[in-house]
Amino acid sequence: MAKKQVDNSSLQQLKLSLREKRADRFYIFHGEETFLLHYYLEQLKKLLVDPLTESFNYHKLTKENFDIRNFADAVESLP
């Protein structure tokens, strides 16, 4: 019987986490595949953010609105 190879790539780990409906503590998304970036960000958002409290619990920081004060305010907010 052939031994099954395990793929330890980050994308495979993310797919497994989403399939098992669990999320790790920290993710950094980067790359040229914008469709995949947006798709997996949306999947994580669906898993982690309740639509009823999204306006309070979800903070999207971009290069236009990012500064250390905005980041600290978002991280220190109580859920």
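Before any of the text, the structure's been laid out above.
Residues numbered from 1 in each chain as written. Predicted model: local features only at pLDDT ≥ 70, side-chain atom pairs only at ≥ 80, totals over all residues. Heavy atoms only, no water.

S.K.: Any details on a nonpolar patch on the surface? Residues and values, ideally.
M.R.: Taken together, Leu-61, Phe-66, Ile-68, Phe-71 and Val-75 make up a surface patch of nonpolar side chains, about 490 Å² in accessible area. Relative to the helices and strands, Ile-68 resides in helix α4 (residues 68-76). The class of Ile-68 is exposed, set by a relative accessible area of 64%. (Patch = residues over 30% accessible without salt bridge, like charges linked within 9 Å, V, L, I, M, F, W, Y side chains within 5 Å. Areas by Shrake-Rupley, 256 points an atom, 1.4 Å probe, with all protein chains shown as cover. Salt bridge = Lys/Arg side-chain N within 4 Å of Asp/Glu carboxyl O. Helix = DSSP H or I, 4+ residues; strand = E, 2+ residues; numbered from the N terminus. Buried < 20%, exposed > 50% of the residue type's maximum accessible area, 1.4 Å probe, protein only.)

S.K.: Give a detailed account of the side chain of Ser-17, specifying residues and quantitative values.
M.R.: Inspection of the secondary structure puts Ser-17 in helix α1 (residues 10-19). You can call Ser-17 buried: its relative accessible area is 1%.

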